[in-house]
Structures are given as C-alpha cells and as structure tokens.
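# Understanding the architecture of this molecule
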Amino acid sequence: MDHKVNYLLRLGDNALILSQQLSQWCGKGPALEEDMALTNVALDLLGQTRMWYEYAAELEGAGRDEDALAYLRDAHEFKNCLLLEQPNGNYADTLVRQFFFDAWHYFLIEALTRSSDARIAAIAEKSLKEVTYHLRRSGDLMVRLGDGTEVSHARTQAAVNELWMYSGEVFAYDAVDEAMVAAGVAPVADELRAQWLAHVGEILAEATLTMPPADAWMQSGGKQGRHSEHLGYILAEMQFLQRAYPGAQW
Amino acid sequence: MKAATAIAAAAPAVRSAADAARTSGATSVTPAKDGRSAAAGHAEQIWAWLGAVPDPEIPVISIVDLGIVRDVRVADDGACDVTITPTYSGCPAMQVIADAITEALHAHGVTTVRLHNQLSPAWTTDWMSDAGKAALRGYGIAPPAQQVIDISGLSAWPAGARSGSAALAAVSRRARSASAPTVACPHCGSTDTEITSQFGSTPCKALYKCLACREPFDYFKCH
C-alpha cells in the first residue's frame, strides 16, 4: 500500500475509533455537560475521519469509498494506535485516554497545517480549532479531577499509570512515517514528542498527579495492524449493520 | 416585495437559457440589458436566493449570513456552481444545507447545480454578517465575539515562539484564562455572565448563564 494512503488511514482510524468509543458515553455521561462534550468531540472526530478517508480513497483509487473503509475492513486492516482502543473504563480512564490523545493530536495537526501536501494542510487547517478546543477541555478536566477529591485523584492517577505505556506509540515512527517526514508531509517525531512531554508534564503537575518516566517501555503494533482484542468488539458493534445488511443506506 | 418580484421574474430566464443551451448546443451567453453577461447577473440572483435558505439548526439566520456560501458561479449553459465551506468538520447540518441549496435553486428553475466543498481557508465566525449576528441575538443566542478574543490560544503568539517552552506554557495558561470570553446576555444585555458548559446542543454553541437576570442561554462560539 502506498505510504501516503497508509498514513492517511492511520489518521482516519485514530479519529474514527476514538469517536466510536466516545459515542458509547452518549446518554450515560456523569453530568449533562460531560455527555454533551464527549459527543461533540466524537462528532468533530467523525468529521475529521471522513476528510482523511475521502482523501485516502481518492489516492488509493481502488473503488473504495469512506464507508467501505470504515465498515468493510477487518481488525488487522485498521491502523489506529492501541491507546484509542483501550476500554472506556471509568470516567478517569476515558478522560486520561482523551488527554493523552488530544495533546498529541493538537501538536500534530498544528504541524500538519504546514504539510507539503496541500490537501493535508487544508484538512489540518479545518481541524485545528476543533482539536485546540478538545485539548483545552481535557487539560482543564485533568486538573479538576487530579486536584479534586481523594477518589478522583486516585482514579485519575491510576488511569495515568495504566495508560502510560500506550502513550508512546504515536512517536514510534516506522517506514511509513519516515517516508512522510522525508517528503515534508508530516513532522518529525522528536519535536512532537518534546512538545507532548512538556505540555503533559505541565498539566499533570498542575493536577498534582505524578508523571511516569518518559523512558518507560511502550506498547506498539496498532499502526501496523496488530491489535488487542478490544478492537474486535468495537468493530463488531460499529460494523454490524453493513455486515448484516450490505449496502444498506439511511 | 420589489426584490422578490424581480427574483421571481428572473427565474424563467435562467431556465430558458439552460434549455436553449441544451437544445441547440450553443455556448454563447445572452447579454443582459445593462451589458454585463447574463451569467454575472444570474450569480447575483443566486446569491439572493441562497440568502433565503435558512440554517437548519438555527432557522433565523441564513446560510449566506452564516458565511457558509463562499462562491457562486453561473456557467454559460446556466449550470450553477456553488462553493460551500463546513462550519465544523462533523456538523451533521452540512448535508442538510447542501440538499437545501440544491432544492432551493431547483425550485427557482436552475436545473444543474454543482456543489463544491472548500476546506481552506477554514470557516470562521468572523464571516458571519452583522445582520446574522443581530438575528441570533433576537433569537436568544449570544452572537460570537470577534476574533480579538482568540479561541485557539495561538494566533496572538509571535510565530517564532510556537515551538518554544514559553509557547507551551501559554497553551495551558491561556486555556483557562481565555476559555470564557466576555459574553453579553441576549435577554437583558448584562455582561455579568458565566460559562456553564464549553459544549452545547450543537457543535457551534456553548452554554452560558446570566448572573443578572438568571436566564440560561446559548452562546455561538467564536471559531
């Protein structure tokens, strides 16, 4: 598969899987405001997914459209990072997963506005204000929960410790990422990682949370299609309708 | 009323131009009376027709006042190209808006409507017209502040500082200080208001409450 198509699918898959996970909170959020916030973020991510898939499908030229990419690929063909398929868990788990992702997503999208690929730069420009809003909110909530009650602090710290090993995959570049860097399409990993660590470190400190060591061992494999069992369950629900009734339309 | 009459009278002209082009294969444009090409005149009419298409979520404001319609071109054969830009990436109203544009122009006799989606430059609430802002306020929704209140927390920084540690510190500092701009209550006008929720019933709105008249209200976010 063409490196750029692969790179676009990774961007789209990250956004889609997280969007699907956040949608699960619809009607079950711990407060009305949180319910609306998560579903709004899910909607933004879904819109971004469609822009990445649309471009990937055009470049691929294999007759697949955005729906085929979302609904008719199996787990091993998905290229999302493992962080995003981690279960929603309690609200701290959902929030920490979101914060780790938002911080990377923000710095990535900001850099992609200067991509050598004009279409990618335009999609990034369209998404930047949205992802900024997402990061602002999840950072705010990290502080509120971390520096909140004993229970909220303990749960948030536990989620940070649990999810930390999934936070490094986005910076583990392979041949696909390196080809994009060489072509001026994507930013280098080191710079993104430095920005991410500085911002996450600052928010965690403000939230009175302890940051795990930056050089800790990190999980990887999602980008190459090697997933945990969680993704299968997510896809089973997300793809059910198109699998059971192929070509069904709204 | 006069404008409406003029628009209605113009509709058959669009249709007949298109019909003529189809039947004769002619590509020439019928010159309008004032010497401009018919296409240019038709584009103005199409802008006017689109100005009557309401936003599906907030029907007091038109899609033109909202700044969604970026360009209108009428081809020699009467076909119309309309360029629109999404407000939010995932806004479900965009499909409804696209359908409404096609439907409205068909109703006015434009048989061929081609829609184009433009991502860059990204939509901003700065493109909302003053009439649109006034309509929002009358509807009970506080209109967006101008971008002097910077929602991204970025554009006020010197470009060189973006990747520096000072810029990173500013992300979180500004995140808290700038997330709640001064918003006047659309009911009583007081600026003694506070944010209830950064997200509201649609992607473009946040929830506020007025501390003076105690009414809750929607704020159309700066974007």
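Residues numbered from 1 in each chain as written. Chains lettered and ligands numbered in written order. Predicted model: local features only at pLDDT ≥ 70, side-chain atom pairs only at ≥ 80, totals over all residues.

### A look at the environment of Leu-136 of chain B
All names here are of chain B. Mapped onto the fold, Leu-136 is located in helix H4 (residues 130-139). Taking the C-alpha atoms as reference points, Leu-136 and Ala-75, 61 residues apart in sequence, are found 34 Å from one another. Beyond its immediate stretch of four places on either side in the chain, Leu-136 contacts Val-60, Ile-61, Ile-141, Pro-143 and Phe-220. (Helix = DSSP H or I, 4+ residues; strand = E, 2+ residues; numbered from the N terminus. Contact = placed C-beta atoms within 7 Å.)

### Focus on unusual backbone geometry
All names here are of chain B. Residue Pro-121 is bonded to the preceding Ser-120 through a cis peptide linkage, with omega at -5°. On the secondary structure map, Pro-121 appears in the loop between strand E3 (113-117) and H4. Phi angles above zero are rare outside glycine, and Arg-214 is one such case at about 70°. Along the chain, the position of Arg-214 falls in the loop between strand E6 (205-210) and strand E7 (216-220).

### Regarding the pairing of strand E1 (residues 69-74) of chain B
Direction of pairing for E1 of chain B relative to strand E2 (residues 80-84) of chain B: antiparallel, over a ladder of five bridges. Residue pairing for E2 of chain B: Arg-73 of chain B is matched across the bridge by Asp-81 of chain B. (Pairing = 2+ DSSP bridges.)

### Focus: the pairing of E2 of chain B
Both faces of the sheet carry side chains from a regular strand, because those side chains alternate between them. Residues and elements named next belong to chain B. With burial as the criterion, only one face of E2 is covered, namely that bearing Cys-80, Val-82 and Ile-84; the residues Asp-81 and Thr-83 on the opposite face remain uncovered. Sheet analysis places E2 next to E3, joined by five bridges and oriented parallel. Counted as the bridge partner of Cys-80 is Val-113 from E3. As for the winding sense of the linkage, the β-α-β connection from E2 through helix H3 (residues 93-107) to E3 is right-handed. (Buried ≥ 20, exposed ≤ 12 C-beta atoms within 10 Å, placed from the backbone. Right-handed = clockwise from strand over helix to strand, strands pointing away.)

### Brief notes about the sheet that holds E2 of chain B
Residue and element names in this part refer to chain B. Strand order in this open sheet of three strands is E1-E2-E3, and the pairing throughout is mixed. Two strands lie at the open edges of the sheet, namely E1 and E3, each paired on one side alone. Strand after strand, the sheet turns through a mean of 15° between neighbouring axes, direction not considered. Its contacts with the sheet place H3 against E2 and E3, and it is angled at close to 155° to E3. (Axes fitted to C-alpha atoms, helices over the stretch in contact; angles between N-to-C directions.)

### Thoughts on the packing of helix H1 (residues 3-23) of chain A against helix H8 (residues 175-182) of chain A
All names here are of chain A. Put simply, H1 and H8 touch, their axes get as near as 9 Å, and they point 110° apart. With respect to each other, H1 and H8 are oriented roughly perpendicular. Counting all contacts with H1, which are made through His-3, Lys-4, Asn-6 and Tyr-7, the residues of H8 involved are Val-176, Ala-179 and Met-180. Across the contact of H1 with H8, the residue classes break down as four nonpolar, two polar and one charged. (Parallel < 35°, antiparallel > 145°, perpendicular 65-115°, else oblique. Nonpolar A, V, L, I, M, F, W, Y, C, P; charged D, E, K, R; others polar.)

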